[in-house]
Amino acid sequence: MRYSKSFIKTSHQAPKDAETASHRLLARGGFIYPLGAGFYSLLPMGFRVYQKIYDIITEELNRIGVEDMIMPVVHPARVWKETKRFFEVGPELWKIKNRFKEDFVLAMTHEEVITDAAKPIISSYKDLPKLVGHIQTKVRDEARARGGLLRTKEFTMQDAYSFDRDEEALDKSYQKFIKAYNNIFERVGIETIMIESDVGAMGGLGANEFMMIAKNGEDKIVVCKKCWHAVNADVLGISRESNAIRKGTKCPKCRSTNLTFKRGIEVGNIFKLGTKYSIPQKLFYTDERNKEHPVIMGSYGIGLERLLASVVEASHDKDGIIWPTSIAPYRVYLLGIDKKSAADKTYQQLTKAGVEVFYDDRDATAGEKFADADLLGIPYRATVSAKTKGKIELKKRGSKQVKLVTTSELARRIK
RNA sequence: CGGGGAGUAGCGCAGUCUGGUAGCGCACCGCGUUUGGGACGCGGGGGUCGCAGGUUCAAAUCCUGUCUCCCCGACCA
């Protein structure tokens, strides 16, 4: 893509109130644009990162046997009334009415809908286990959106669901997801820890969260320094760190009082739902002895935009974003300084070689182009100028070292 | 929902206290000079000052109402 043709405009200044690094840098770099509080467009540069994250998540879940589908965003209230969540969830559940004054719900999550869809499919123990999921918009009337993409009212989630015959089988499905989630977070370039969490409005037998440790994270995490068990502070009913210490709060696993407190961003959440949905929605299967049982379910979710922003929180410097290669919008940022025709030729060669290249073909100063290359955080920068004498200067984002290479070497090196 | 802050050009802001008909930086357009870390000169275009009422000869400025956005907290599948 040529800069001059791209739907992009970077800015020297961040939106005045943006305080988190990801919010500032994603806005400055032209990755996102706010429509209103908690509603963001992903501009082309941001959407490319989103698509890479999308592909990684899909790939890792397919690997454990999750099959892809897609469910609606607008739900007739019927299914939400079956589980009573229509009445119990609270104002976060966004309710709407149609022209006939009938109740509908905007998808906050999809347990009811998937359970409904499973009814004609699952009726025997022979139909189990099953793993299925989708990547779809979620809408939540959050009391307060914050931190750019970190908490929005509309976002995309990969949510998957497991159907098993008993708790032992659920445990196996659950373990598969833990593995897949760890792979996903590693591949997008962040470090996470899995912690014990509250089941909240999801209900069920238990839940875990995947947390990226971050100073400005919204969630409080308690880590036991003896056994390294980690728990969301909500689970222990901890409001203030000082109170917890004074009261002698113990690790729920080893009872040690040697606790440490961290903050984190929740990038994934998994739930053992049990029969919370299968019983009220009547999802039953028949076993070998012709006896009926409720299906044991699990649900698993990753917010794509939040994950994208979390990567920025974890990987940036004063000049801009440093995208991990796995999810960078482009592989190389190409710019010419005074040899435009040579840069044009390099662009064509790289494109032909199948390299994802963002070509800064603007009539701008070297400084401006370098600054944008840093801000956008594309892993490699390739400079063509009189100084490079027919070769290309290659630099990795975040490093100071430069190398002179030929075009074919370049294509090979950055693959 | 409680507390705090803010709405003036695409973005960042000044002007509001003390009313006199809107300005700066970035961005944008034209010409020229520049070109290895966000260049420079000259010349331009763009704003019913969030919205609605009111006071006044006169309102960005004063009064009333209302909408929106941000931050902290509560909340958070």
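Residues numbered from 1 in each chain as written. Chains lettered and ligands numbered in written order. Predicted model: local features only at pLDDT ≥ 70, side-chain atom pairs only at ≥ 80, totals over all residues. Heavy atoms only, no water.

### Points about the domain arrangement of chain A
Where interface size is given, it is often the accessible area lost as the parts come together that is meant. Each assigned domain of chain A is listed here: domain 1 (11-317) and domain 2 (332-414). If you average the C-alpha positions of domain 1 and of domain 2, the two centres end up 39 Å apart. Of the residues lining the interface, nine residues belong to domain 1; the matching set on domain 2 comes to five residues. Note on domain 1 versus domain 2: buried area summed over both sides is about 600 Å², and carbon and sulfur give 56% of it. Sorting the residues of domain 1 by area buried against domain 2 places Phe-31, Met-45 and Asp-317 first, and these three jointly supply 51% of that buried surface. Our count for the domain 1 to domain 2 interface comes out at three salt bridges. Put simply, Glu-356 and Lys-52 hold a salt bridge, and the shortest N to O gap is 2.6 Å. Where domain 1 touches domain 2, the interface holds three residue pairs in polar contact (both at pLDDT 80 or more). Mapped by element, the contributors of at least two residues to the side of domain 1 that touches domain 2 are α1 (21-28) and α2 (44-63). Looking at the side of domain 1 that touches domain 2 element by element, the count peaks at three residues for α2. Split by residue class, the side of domain 1 that touches domain 2 holds three nonpolar, two polar and four charged. (Domains from an automatic or database assignment. Contact = heavy atoms within 4.5 Å. Buried area = accessible area lost by both parts, 1.4 Å probe. Salt bridge = Lys/Arg side-chain N within 4 Å of Asp/Glu carboxyl O. Polar contact = N/O pair within 3.5 Å; in protein donor to acceptor, adjacent residues only side chain to side chain. Helix = DSSP H or I, 4+ residues; strand = E, 2+ residues; numbered from the N terminus. Nonpolar A, V, L, I, M, F, W, Y, C, P; charged D, E, K, R; others polar.)

### Details of empty space enclosed by the protein
The tally for this structure, following the rule as stated, stands at two cavities of 30 Å³ or more. The computed volume of the largest cavity comes to approximately 40 Å³. What lines the largest cavity is simply Ala-373, Asp-374, Ile-378, Tyr-380, Arg-381, Lys-395, Lys-396 and Arg-397. Secondary structure elements with two or more residues in the lining of the largest cavity: α10 (366-376), β21 (380-384) and β22 (392-396). Of the residues belonging to the lining of the largest cavity, the class tally is three nonpolar, no polar and five charged. The volume enclosed by the second largest cavity comes to roughly 30 Å³. Along its surface, the second largest cavity is lined by Val-222, Cys-224, His-229, Val-231, Leu-236, Cys-251, Pro-252 and Leu-259. Classifying every residue of the lining of the second largest cavity gives seven nonpolar, one polar and no charged. (1 Å grid on protein atoms, 1.4 Å probe; cavity = no way out; pocket = protein on both sides within 12 Å on 5 of 7 lines; lining within 4 Å. Points joined across faces, edges and corners; volume = space filled by probe spheres on them.)

### Description of the pattern of salt bridges
Overall, the coordinates contain 25 salt bridges when judged by the stated rule. Across the salt bridge formed by Glu-59 and Arg-187, the nearest N and O atoms sit 3.3 Å from each other. With a gap of 128 residues between them, Glu-59 in helix α2 and Arg-187 in helix α6 (residues 167-188) connect regions that are remote in the sequence. What makes Glu-59 partly exposed here is its relative accessible area of 38%. Shared partners join several salt bridges into a network, and the residues in it are Glu-59, Glu-60, Arg-63 and Arg-187. (Buried < 20%, exposed > 50% of the residue type's maximum accessible area, 1.4 Å probe, protein only.)

### Looking at the sheet that holds strand β20 (residues 357-360)
If you walk across this open sheet you meet the five strands as β20-β19-β21-β22-β23, and the pairing is mixed. Because the sheet does not close on itself, it has two edges, and the strands there are β20 and β23 (402-405). The average undirected angle you get between the axes of adjacent strands in this sheet is 25 degrees. Here four bridges tie strand β19 (residues 332-336) to β20, and the two strands are oriented parallel to one another. Note on β20: the bridge partner recorded for Tyr-333 is Phe-358. Helix α9 (residues 340-352) rests against β19, β20, β21 and β22 of the sheet, and its axis sits at about 165 degrees to β20. In the packing of α10 onto the sheet, contacts are made with β19, β20, β21 and β22, and the angle to β19 comes to roughly 175 degrees. (Pairing = 2+ DSSP bridges. Axes fitted to C-alpha atoms, helices over the stretch in contact; angles between N-to-C directions.)

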